[in-house]
Structure formats: C-alpha cells, structure tokens
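# Observations on the three-dimensional arrangement
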2 protein chains.
Amino acid sequence: MSNASREKIMIFDTTLRDGAQTRGVAFSVEDKIRIARGLDQLGVDFIEGGWPGSNPKDVAFFHEMKKAPLSRASLTAFSSTRMKNMAVEEDANIRTLCETGVPAVAIFGKSWDLHVTEALETSLDENLAMVSSTISYLRGRFEKIIFDAEHYFDGFKADRGYALAVIEAAASAGADWIALCDTNGGSLPSEILEAQEAAAARVTVPLGIHAHNDSELAVANSLVAVGAGARMVQGTINGLGERCGNANLCSVIPNLELKGNFRCLPEGQLEKLTHISHLVSEAANRSQPDWLPYVGRNAFAHKGGIHVSAVRKNSRCYEHVSPELVGNDRIVTISELSGKSNVLEKVKKLGIDLSDDPKRTAGILKAVKELEARGYHFEGADASFELLSARELGTLKDYFTLQGFRVLTWAEGDGKSWSEATIKAAVPEEVSLSGGYSDPVEHTSADGSGPVEALDRALRKVLEKFYPVLGTVKLSDYKVRILNEEAGTNATTRVMISSTDGVDHWTTVGVSDNILDASWHALCDSLIYKLKKEDESRRHSGGGSIEEDKEVAYAAQN
Amino acid sequence: MSNASREKIMIFDTTLRDGAQTRGVAFSVEDKIRIARGLDQLGVDFIEGGWPGSNPKDVAFFHEMKKAPLSRASLTAFSSTRMKNMAVEEDANIRTLCETGVPAVAIFGKSWDLHVTEALETSLDENLAMVSSTISYLRGRFEKIIFDAEHYFDGFKADRGYALAVIEAAASAGADWIALCDTNGGSLPSEILEAQEAAAARVTVPLGIHAHNDSELAVANSLVAVGAGARMVQGTINGLGERCGNANLCSVIPNLELKGNFRCLPEGQLEKLTHISHLVSEAANRSQPDWLPYVGRNAFAHKGGIHVSAVRKNSRCYEHVSPELVGNDRIVTISELSGKSNVLEKVKKLGIDLSDDPKRTAGILKAVKELEARGYHFEGADASFELLSARELGTLKDYFTLQGFRVLTWAEGDGKSWSEATIKAAVPEEVSLSGGYSDPVEHTSADGSGPVEALDRALRKVLEKFYPVLGTVKLSDYKVRILNEEAGTNATTRVMISSTDGVDHWTTVGVSDNILDASWHALCDSLIYKLKKEDESRRHSGGGSIEEDKEVAYAAQN
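Thresholds, definitions, all that
- Residues numbered from 1 in each chain as written.
- Chains lettered and ligands numbered in written order.
- Predicted model: local features only at pLDDT ≥ 70, side-chain atom pairs only at ≥ 80, totals over all residues.
- UniProt positions renumbered as here; feature names shortened; annotations may be inferred.
- Pairing = 2+ DSSP bridges.
- Helix = DSSP H or I, 4+ residues; strand = E, 2+ residues; numbered from the N terminus.
- Axes fitted to C-alpha atoms, helices over the stretch in contact; angles between N-to-C directions.
- Contact = placed C-beta atoms within 7 Å.
- Parallel < 35°, antiparallel > 145°, perpendicular 65-115°, else oblique.
- Left-handed = near helix turned anticlockwise from the far one by under 90°.
- Nonpolar A, V, L, I, M, F, W, Y, C, P; charged D, E, K, R; others polar.
- Expected span 1.5 Å × (residues − 1).
- Buried ≥ 20, exposed ≤ 12 C-beta atoms within 10 Å, placed from the backbone.
- Arc of directions from axis to C-beta.
- Right-handed = clockwise from strand over helix to strand, strands pointing away.

Labelled according to an unreviewed UniProt entry, chain A appears under the name Citramalate synthase, originating from Sediminispirochaeta smaragdinae. Within the UniProt record for chain A, the comment given under Pathway (unreviewed entry) is "Amino-acid biosynthesis; L-isoleucine biosynthesis; 2-oxobutanoate from pyruvate: step 1/3." Under the heading Catalytic activity (unreviewed entry), UniProt records this for chain A: "pyruvate + acetyl-CoA + H2O = (3R)-citramalate + CoA + H(+)".

Below, the structure is given as structure tokens:
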C-alpha cells in the first residue's frame, strides 16, 4: 500500500524530557542537541526538549537550539498548568516558557481527583480553572498547544466525570491536541480502550496517548489507543524513562507502519531507526540493550543450525519482518549448534565467498567446533572469528611471537595490592628493520592495579614500539565467565574483551584454565585484529602496509 | 477477592529451555538445578528443563533431578514430533525422552504449512501423521502431554484450515494441553485474539499461549490469549529467550493476579517474585535489568521532588501497585536506597533481634552502604552479609590475620602456563598452642593451573594445619563481574564464590580493582563463614570450640 493512502500518526518524542528522567542517565546539553538533530532527521513530528522552568540545563538547551532551528520537527517545551490561586501571567514557569521561542508547548495538568486534592491540595474547580486559564493564555503565543492529561486513565477509573471535565476544559480553552497519559503505567489494554473511547466521544480535538511501561504494556497500550482513534503517540527512543520507562517508539513505529495501516515517518525513513537507537544509547552512555525488538543486536540473531538453514531457505521462517526495513542486520551466530550454513553466511560478510569451496568451509567449521568444545564462544566475538578464519585460510600475517610472560601480584596485610607484568616477544625482522630497530626482540615490564591491567600495559609497551597505530586502541569492556563451574577455582575461564579505536568496536575471546592466560589470548587477538584491519584499509586505499606507514610516523616523530 | 474464587492459570516456565537460548547466556547443570528449585518454591506448575536429545548438558540435568525430585511442579522435558518417514519408536530423540523419568513432556510440531514444506521438506499429511503418532505413542508413558503448536499464529494467517487441522490431530491423539505459539513474535493482539478464539471453537482440550517479544507485545499477547480462554501461559523469568525474548512471567503473573481475576501461584507466593528474578539473573551472570516492571530495581524508584513528596502523602499517586506485593522495595532517594527495615529483616533471619537497638542497626546499615558504594553486593551473598553483621556487632572471632600474599603466573612461548601463590598468615596464639604448635605464623606456598587456584590451595594449606574442619569445604562456583565496564581492564572487579561442606551451601563476595585481591576476600569469607558456623553448632550442641575439638582431632591423628 502506498504511504499516501495510510492514515498519519503524529510521533511525539520525549526522549529528552521523560527519557532524561531514567535513573542513571544524564544528558549533557551537547548530547541533547545531537539527539534532537538525529530525531529531526528521522522525521518525528514533535521533539519535547525539556522543562525550561525546572533546571538551567534545559534553559541552555532551548537557548542553543534558537541558533540553528530544526528543519522539520516542532521543538516543544514542557511545563505545568499555572500554580494554584495565581494569575497565569504572574507564574514564573509560564514566563520562562514564553521566552524559549519554540513553536510548540506541552502543558500537563491533573485529571485525577486524588492528585488534585492530595498532591496539589486544591479544589477540583480551581484545577479546572488552572487548565483553562493556562491554555487560553498560551493560545496565540505558540503554534501548537498539546495538553497532557496527567493520570487521565487512573482519573477515569476513580471519577470519570471529573477526568472528562478536565479534558473538556482544555479543549474549550483551545488546545490543539490532548494527550491522555497513563502516568503510573498501570492500565490494562481493556482499560485504555474504554477510557480513550469515552474521551473521543466527549471532545472533537484530536487525541494522543502517553503510556508508561510499569506493566510491560506500554507498546500494546499505545496501539490500542491508536485503534480507538488516537492520532498522536508520545514515547521515547529505546523506551527510556522513569521507573520502567515510556512507550518505546522503536517498537511502536514499526508496529504501526509494518503491521498496521498507518504512516508515522516520511517515506523511506524507517530504515534509520536502528541508527537512532544506537545514537541515543551512546549519548546515554549505556550499552544498547541486545534484546530490543527491531533495533537490538539480537533482534534478528539466529543461533541453532536448524534455524539458520531454514532462514537461508526462506527468511520468513524465523523472522517476523526483514531486518533491512528498520536498518538492522541479520546476525548468524557461530556456536556449537552451528552448521556449515552459519560459516558460509559469516565469512560472506567478511567478503569471502566459500560456497564453491566445501573443503575450506569444513576446515573453518572444524576449527570452530574444536575451540568451542574447549570453551571458546564466537557468538559475541566476531573479531576472533575473523582471525580464526584468516588463520585457517592462511591469509593472516605474522605480527609478533610471544616468548614468554610473567605476572606477579602482591598483597600486604594492610590490604594494599598491586601487580607487575613482564613480557618478552619478537616481531618479524622486516618489521623491526623498517622501524629502524636492529633487534626484533622486546623484553619489558609494566605495572597495574591488577594483573590484567599490568599485562595489557606491558603488551602495548612491547608492540607500540613497532606498531604505533595501536596507540588508538582502547579496551571498552572486559568480561569473565567460568565454564565448568562445579570445578570451583580450577575451572576453565573464558575472557571476552571489547575494544575500540574510536571508530569501530570489536570483541575478542580467550580461553584457558588460567585466567591470565585467557586474558592474554583475548588481548592479543584484539591488537592483531586492529593491525589486520589497518593493513586491509591501506591496501584498499592503495597505500602501503602498516610497517611502511610506521616508518613515516617514526620519521615524523624524530 | 479470595484466591479460591479466582480462575486458575497454569504457569509453564521455560527459563531453562527457551530462556537458555538467550544469546550470551549459558547455564551450568548446577545453575539449572538451583533455578528449578527456586521455581518449584515459587509455585509454578510446569518447569521445562531442556531438550534431552539435543545436548549432553540437558541429559545430565534430568539425570541429576531424578535423585531429588521437585516438591510441587511437574518437571517437563521438551522434544519435537518424530522425524519424517520413520516409526516413532525408532526415533532416537523420543527414546532419550522416555528415559528422562519426568512426569511431563512438551512436544512441538509444525502448524504453518510454509514450515512443513520449506523447512521440514515433507508433505502436509506426513506432518499431521508425525503429530498424531508421536502424541499417541507418548500417551500413557507420561502423566501430562503438552503439544506446542509451533508458529500457530503465522500458520493461521497463511492457511487457517491447516493450522486448525494440526491442533485437532494433537487433541485427538490425546494431548492434555495445546499451547499455541507465536514463535516469530510478530503477531498483534488482535491477531492473537482471532486465532485463539478459532482454536477454542475447534478443540475442547485446554489451550495455552507461548508468546515471543519481537514486537514488544509478548506480555500483552499473553493477556489477550487468557482473555480469549487460554488457561496456561508459557514464559520465562525476566523475559529471557532467543532474539527479543519470551513473555516475561515476572510481568504476566502480577498482571493476572493483581489486575485480573485470576490466580497463578499458591496464596502468598507472589511476594517471592523479585527474589526469583534476581536468582535467575545471578545464575545467568548478568545484571538484572533495572527497568524490569514489578521486579526491577527502578520499578518503584522515585526521582523527582514532586513525585517523592506526592508518594509520601499517598503512594498510589505514582505507584500502580504496592512494591511489597511482589517482594520489591520502594526506592525514594539514593540515601534511602536500603532502609533500616531491610537490615532488621535480614539480621532477624540470622536469629538476632535488633528492633530495640537502633544504633547498632544504623551501624550495620552504614557498613552495607559503604561497601555497596564500592561495588559489594550482598543480595546474593548471605554469608558475607552475616560476617559483616557479626563484625559490626563485635561477635566475630578473630580466626587468622593475613601478613601478605604473592601470586606469580608464568607463560611460555609454547602456550604452557602455571601459577604459584605464597601466603604468610598468623592465627591467634591460643589457637596455635591448642593445636600443639608454638609458632602461630604459617608461611607456605602452593601451585595451581591458574592464580586463583594457587591462592585457594595456599590459603587452605595455611589454615588446615590449625583448623582441620576446613578440609570438608569445597568451592562449587566462582563468578566474576566487572563493574564500571567503560574502564576496560582497570575496572572494579566483583568476585562471588559459592562453597559447600557437603551439607550447606553459602556464597561470599569480594571486591577490588585487583581480581586476585577480590578473589582473596571472597575466599577468606568463605572459610571464616565455615569456622563461625562450626563454632555455633558446637556451642548449640553443648560441645567445645573448634580449637578444643581440633586438639582432639590432632591427638587422634598422632
């Protein structure tokens, strides 16, 4: 069906306001600007940027945004109805709001009698007057006024007459939209349906839905409300938000576009969804949850050999939608359950076609299975899988050879502890010569607060002399898993290390019955992966090898 | 409403089977047993333990479970219908299944024509015969047979006649339950409703629902199915599962019990829900997601000042249910993270009543908070909490003092590696004298395949000389988690060690930026806990202290 014939649902993003309430998340002003630009490019309709009266950071954000307005979305400021027993023009929050210069405002007001009398401690009539006078005052001062009926669904259950009177007051005063809020996130879909229909019967102003996820029903409740006539969905990227979060727009939007008869984003924009999900996770400084529907790393991951061979025959067998539609990738994981089809699929992603080479495919599969039987786990360690494939295919260069290491850890009775590592390793002769060193062997030591840090530092000290490009590599995560746990401390240890050079991220794995030996293997793979990647990009761009480049770097330094 | 007048919904937990498919999760046999016991205590009806034909670990799990059956739940084995064109009694998987000795089986069969013809590559009739003959064969061999109609909802959309024919075949062959599966997780609630109603109109066998979360609708879809007559919900703790996970029982159960007219668990068991959620996260070696509805750390966390004051006036203002109902806590501000009531509750479990001693209660609370701020985690480490309380109350004896340790790890170029630990420690003079030793200081070394094993061996070598009872202690599990992951190898490390003396099991925790130092603290706590326990049981039975007993043992040896 063409996009034009579908009904439009307005997308109101509140990642920067409600999403910023997530425990442990603190966006800087720069983060907020970056996210706002990303959301604008995605094509949402409203971007709620914050509550200008509540904190200086939000004031600064709106101030910065004045300098370079959004190209498509309406930047929206959030605020409450005026304070009780006060003229609206005297309310400081409302005055600050009017100074933001944004086109749209979202004003929240109470619609649950309990909140009016117990939290606000005022009369039901005064609350209605607060709603009316605030909306009337703002009318003409902003292009769009959205009234957020806070706790509408709980209010409807407690006193439906009053809840409906509140939204009627907002409608009569001139609100352009009324968003019905399930603020506590406790409503069931059947309750949303009834209260949403009652609101639609009462006012002609278009309605929206603002759902929280405290019953793990925020996405379903948003869909139910749309089914009952709501034409705006409020939510956040990745479902960020206070407590259990808000409705996750990364699930609501594809559900409406791919499974419902609605359009939310401009044509062709849905495939930017995975990108925006990662951008917000990064700004929030948290790993993007793997399990996220549509946009998560595991959303289209296939593990078992039976699943993989079925997906190769017809991806519909185990995929509810195609990953490309939302800009995500199919991940075929390599695990002990894998068949040849997993290996073919994976090496294809490395640009190697082995479909006519069953012998080498079987060789890689055999190596994977042998290592996995020893405790390796390539599912999350793509970089180690790439190195394993290159080793099996005979295409991996020899970058260095370990001659030995020693790690010493001391602890004293007073609780102080520290570690020292010593490493002896050799690089190929041509590497040392091209770097201007006659001795290809390096033997050095470094210390650290723990043994793995000491080992990491000593290894870099050895290698950076010959390969200065490794200076850009940083470890971003270090995970340890004990495998045959019943064996206690004498168990196989699997270490997974994530690294980044500021551009790419990769993960490597090492296994040993010695945790330091396992860490060593994962550390080495991480650095070798970087060297291999560097060699390949130089080859593609027609440049020389790393050693030659190193020579230039060395010459420039001296 | 009393529990008895509510309709019962069977809870079918598949954490150990579908949940074990989560990318990055690998349960050991011991983990699986611990989770099964926890689920049994919670009061679920069916515990699906694995697929015995698919891997040796699941075979070992069912074998172990034979020795100590569950007290309430039906342990369930998973398997597929027989292979195509084969007699059911010749199918090796079915034979393995019959050897498990469990009371219940869940058999999955295809109900989507696409899967029959494209994935299974057989005829629609043969698939019906596979369903019938498998169920007929198992009837009488098991107390309960559940038929999982794989891809039922996709099958219903594609060819409803065939999907219904499949479940009819299962019903006629004698299945006790038919669970309709949204295997790809792509169905909308309206689609679930229609297909569930059509199934209910076709068969009289009771129906279940098995939903996946690929559209973030698994919980809602489970509720819709129950509304349409389903009387079994299949799901996992914390929503673990392949891709985006399965329906999260920690949300489904309280939604049905607290908001619907249903009962799922025996009376009074709902408040164990938060505990089981943590237990599964610990076994999976992942942090419990903070955002989880009902059971997550943020589910009842209040951040904004307005929220906090409103919650103090009336908790209903911003809470959809009371946290105690599901065994969770309200978190109001960081400083109130764990209240005194937690501490009182916890030490009461140790047989100490501090309700009239606010000063010492506050002392323990302060110590817990200081340690938790450094990365300690007492939720899963009761033994370390008990030692902390005893230290704060001044009741912990001094068993030994570390003077220092040193751990050395070598690796050679050929891949060989080994470790050696040296420890110097002193016991109180009366302990050494009562053991017949004039020198209370012991200084000795031991080796191991890794540094932690070497440390463990050396520590025992030091202490067993003075406390031979420690010879019965074995480490049963060793888990490591890195806390501030962005710091890479220089991150805080938390080690949790589980130990057993063949009778009891206990867990201890150690934290340090040095993994060996963290291991040292957890190892020491484990052995001190055993010594303390031994002293107490001797005191209770009117016997002497460990040292006295040791003297006897020593005399008997010589």
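Further notes follow.
Further remarks concern the sheet that holds strand β2 (residues 10-13) of chain A. Residues and elements named next belong to chain A. One closed barrel holds the 8 strands; their spatial order is β2-β3-β4-β5-β6-β7-β8-β9, and the pairing between them is parallel. Neighbouring strand axes in the sheet, compared pairwise and without regard to direction, differ in orientation by 25° on average. Where β2 and strand β9 (residues 232-235) come together, 4 bridges link them in parallel fashion. Considered in β9, the bridge of Ile11 is made with Val233. Packed onto the sheet, helix α2 (residues 56-67) meets β3 (46-50) and β4 (74-80) and runs at close to 135° relative to β3.

So, about the packing of helix α9 (residues 218-227) of chain A against helix α10 (residues 249-259) of chain A. Residues and elements named next belong to chain A. Contact geometry for α9 and α10: axes closest at 10 Å, N-to-C directions at 40°. Put simply, α9 runs oblique to α10. Our pair here, α9 against α10, has a crossing hand that is right-handed. Note on element contacts: α10 touches α9 through Ser251, Val252, Asn255 and Leu256, opposite Val219, Ser222, Leu223 and Val226. Its residues placed into classes, the contact of α9 with α10 shows 5 nonpolar, 3 polar and no charged.

Okay, the sheet that holds strand β12 (residues 417-426) of chain B next. A sheet is described by the order of its strands in space; here 6 strands give the open sequence β15(A)-β14(A)-β13(A)-β11(B)-β12(B)-β13(B), paired in antiparallel fashion. At either end of the open sheet lies a strand with only one pairing partner, and these are β15 (441-448) of chain A together with β13 (441-448) of chain B. On average, each strand axis in the sheet is tilted by 10° relative to the strand beside it, whichever way the strands run. Examined bridge by bridge, strand β13 (residues 401-412) of chain A and strand β14 (residues 417-426) of chain A share 10 bridges and lie antiparallel to one another. Directly across from Ala411 of chain A, in β14 of chain A, lies its bridge partner Ser417 of chain A. Against the sheet, helix α17 (residues 451-464) of chain A touches β13, β14 and β15 of chain A, its axis set at about 145° to β15 of chain A. Contacting β13 of chain A together with β11 (401-412) and β12 of chain B, helix α18 (residues 515-540) of chain A crosses the sheet at an angle of about 45° to β11 of chain B.

Residue and element names in this part refer to chain B. In this model, helix α8 (residues 189-202) (14 residues) spans 20 Å end to end at C-alpha, consistent with the 20 Å of a helix rising 1.5 Å per residue. Inspection of α8 places Pro189, Ile192, Ala195, Gln196 and Ala199 among the buried residues, and these make up the whole buried set. For α8, the arc enclosing every buried residue in end-on projection is 135°, short of the 170-degree limit, so these residues lie on one face.

Turning our eyes to something else, we now look at the pairing of strand β5 (residues 104-110) of chain B. All names here are of chain B. For β5, a buried count of 7 out of 7 residues is recorded, marking the element as mostly surrounded by other parts of the structure. Viewed along the sheet, the connection from strand β4 (residues 74-80) through helix α3 (residues 92-98) into β5 turns out right-handed. Both β5 and strand β6 (residues 144-150) contribute to a ladder of 7 bridges, which runs parallel. Its bridge partner lying in β6, Gly109 is registered against Ala149.

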